[in-house]
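Listed here are the chains, written in short residue letters.
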Amino acid sequence: MNSYLVTGAAGFIGSSFVRQLLGRNEKIVVLDALTYSGRRESLAEVEADPNLEFVHGDICDAALVLSLIETHRPKAVINFAAESHVDRSIESAAEFVRTNVAGAHILLQASLDYWRGLSTSDGEAFRFLQVSTDEVYGSVEEGETHEGAPFNPSSPYSASKASADMMTRAYYHTHGLPVLITHGCNTYGPRQFPEKFIPLLILRALSKMSLPIYGRGTNVREWVHVEDHAEGILTTLDQGMPGKAYNLGSRHRVSNLEVVSELCSILRELVPSSAIEDYSDLIEYVEDRPGHDLRYALDSSRANKDLGWRPHIEFQQGLAATIEWYIANSKWWQPITDGQYPLGRIGLLEEA
Ligand code: NAD
């Protein structure tokens, strides 16, 4: 066993993870369906690396998944592949159930079939890591959620992720498959599809468009930089105990309004504009997201103490660097905003 199978690695967090994993000089097979959010460009810097093999395919294709596993004999399967945007799950949940639940199950079953045929030592070393989210715990009005907290998902997205987590746990309890689960908090950084909160605000502000804030902007999210999140997943893969879940949070919890204010003040320095006195004048309060969770807050002490992981990138610096990346990399995002996603609203309920 000398390779890794990483699914969904043409996406935001998976591509960051692959860049880190390639530092080990071991073979990585990426399986990605290149949905609207999957972008080969996100792996452009490392595409020529002889240790990277890209396979364009679907995790729901059981025959393909099994043949990749049998051919490459991975020491770990890491599942990033997902439909990842809450607002899209409000408009239609079918793809979320297909990829996030059925696809995760196909990966688990193929991994189990392969793992059963491994020698004792290879079987002990093998890992299946399911990348999950803090959203499975639902809204946390006060305090923090630890890994034993009950799931209480509110959106079709978080319900699909919770379902996959429960299936992953079941493969551990029933079959003994050595699984790991990570619950990461809201993630930001370069190469995030522009429908997500922070890149949406950056790109709209750079175009002098309004900055839409759902409801009153009081919803609180915990923010981690993508490189820290990817490092947390890698650390969990290396040191996590099979059968356990690990919260990967930053403790940097701020309201959406605070994020926009921070962003506007950074933009004032980075992109002074004669057309706009203050970027915060662009803020516009819009109809709230249906079922919008008020607050997420992770207790990440298990990952801090047992794995020695904690994030290093301070939010204000990470945000400024992210803005600079979007300014310098319009060739990455312009084809998206000129075409399939011109920065509009997704996820309002249709009028009855
Ligand atoms: P993303 O939307 O940027 O990337 C998802 C990737 O999965 C894309 O490359 C897409 O092409 C691929 N994909 C989708 N369906 C597929 C299928 N059926 N077969 C193969 N590939 C498929 O998402 P992301 O933000 O990088 O999130 C990655 C994972 O991390 C997800 O599981 C998500 O739930 C989780 N997560 C995300 C955040 C966040 O803030 N972005 C926070 C916590 C956890």
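Heads up: the structure comes first, above all this text.
We now turn to the structure provided with this report.

Analysis parameters
- Residues numbered from 1 in each chain as written.
- Predicted model: local features only at pLDDT ≥ 70, side-chain atom pairs only at ≥ 80, totals over all residues.
- Heavy atoms only, no water.
- Helix = DSSP H or I, 4+ residues; strand = E, 2+ residues; numbered from the N terminus.
- Rg over C-alpha atoms; globule rule 2.2 N^0.38 Å.
- Buried < 20%, exposed > 50% of the residue type's maximum accessible area, 1.4 Å probe, protein only.
- Contact = heavy atoms within 4.5 Å.
- Areas by Shrake-Rupley, 256 points an atom, 1.4 Å probe, with all protein chains shown as cover.
- Lys, Arg positive; Asp, Glu negative; His and termini not counted.
- Charge placed at Lys NZ, Arg CZ, Asp CG, Glu CD.
- Pairing = 2+ DSSP bridges.
- Axes fitted to C-alpha atoms, helices over the stretch in contact; angles between N-to-C directions.
- Near = heavy atom within 4 Å.
- Polar contact = N/O pair within 3.5 Å; in protein donor to acceptor, adjacent residues only side chain to side chain.
- Nonpolar A, V, L, I, M, F, W, Y, C, P; charged D, E, K, R; others polar.

## Focus: the overall build of the protein
Then, number 1: The helix and strand inventory of the protein stands at twelve helices and twelve strands.
Then, number 2: For the protein, the C-alpha radius of gyration of 20 Å lies close to 20 Å, the compact-globule estimate for 352 residues.
Then, number 3: Taken over the C-alpha atoms alone, the protein extends approximately 65 × 45 × 45 Å along its principal axes.
Then, number 4: The buried share of the protein, taken over its 352 residues, is 56%.
Then, number 5: Within the protein, counting contacts between residues at least 6 apart in sequence, those at least 24 apart form 82% of the total.
Then, number 6: Only carbon and sulfur atoms are counted for the fraction: they give 49% of the accessible area of the protein, which is about 14400 Å².
Then, number 7: In the protein, 30 positive and 47 negative side-chain charges are present, and the distance between their average locations comes to 4 Å.

## Structural notes on the sheet that holds strand β7 (residues 186-188)
Then, number 1: Strand order in this open sheet of three strands is β7-β9-β11, and the pairing throughout is mixed. Two strands lie at the open edges of the sheet, namely β7 and β11 (253-255), each paired on one side alone. Each neighbouring strand pair of the sheet contributes to a mean axis angle of 50°, computed without reference to strand direction.
Then, number 2: By the bridge criterion, three bridges tie strand β9 (residues 220-225) to β11 in an arrangement that is antiparallel. The residue bridging Val-220 from the neighbouring strand is Ser-255, located in β11.

## Side note on the site of the ligand
Then, number 1: Around the ligand, 31 residues are found, and the nearest of them are Asp-32, Ser-37, Ser-84, Tyr-157 and Lys-161.
Then, number 2: In this structure, Asp-32 approaches the ligand through a side-chain N or O atom, which is 2.6 Å from an oxygen atom.
Then, number 3: One of the backbone nitrogen or oxygen atoms of Leu-34 is found 3.4 Å away from an oxygen atom of the ligand.
Then, number 4: Burial of the ligand by the protein chains amounts to 96% of its free accessible area of 830 Å².
Then, number 5: Counting residues per element, the ones that place at least two in the shell around the ligand are α1 (12-22), α4 (94-116), β5 (127-133), α6 (156-175) and β7.
Then, number 6: Ranked by the residues each element gives to the shell around the ligand, the list is headed by β5, at three residues.
Then, number 7: Residue composition of the shell around the ligand, by class: twelve nonpolar, 15 polar and four charged.

## With respect to the environment of Glu-262
Then, number 1: Structurally, Glu-262 is set in helix α9 (residues 256-270).
Then, number 2: Look at Glu-262 and you get partly exposed, because its relative accessible area is 23%.
Then, number 3: Distance in space between the C-alpha atoms of Glu-262 and Tyr-137 is 27 Å, their sequence separation being 125 residues.
Then, number 4: Ignoring any residue separated from it by four or fewer positions in sequence, one finds Glu-262 in contact with Phe-315, Gln-316 and Leu-319.

## Comments concerning the sheet that holds strand β4 (residues 74-79)
Then, number 1: The strand order across the open sheet built from seven strands is β3-β2-β1-β4-β5-β6-β10, with neighbouring strands paired in parallel fashion. Of all the strands in the sheet, the pair left with one neighbour each is β3 (52-56) and β10 (245-248). Direction aside, neighbouring strands of the sheet carry axes that sit 20° apart on average.
Then, number 2: As judged from the five bridges shared by strand β2 (residues 27-32) and β3, these two strands associate in the parallel manner. What sits directly across from Val-30, in β3, is Phe-54.
Then, number 3: The sheet strands contacting helix α2 (residues 62-72) are β1 (3-7), β2, β3 and β4, and the helix crosses β2 at an angle near 175°.
Then, number 4: Lying on the sheet, α6 is in contact with β5 and β6 (179-184); it crosses β5 at an angle near 155°.

## Observations concerning the environment of Gly-57
Then, number 1: If you trace the backbone, Gly-57 turns up in the loop between β3 and α2.
Then, number 2: Classification of Gly-57 as buried rests on a relative accessible area of 10%.
Then, number 3: Between the C-alpha atoms of Gly-57 and Glu-70, which are 13 residues apart in sequence, the distance is 16 Å.
Then, number 4: Apart from the residues lying within four places of it in its own chain, the contact partners of Gly-57 are Leu-31, Asp-32, Ala-33 and Leu-64.

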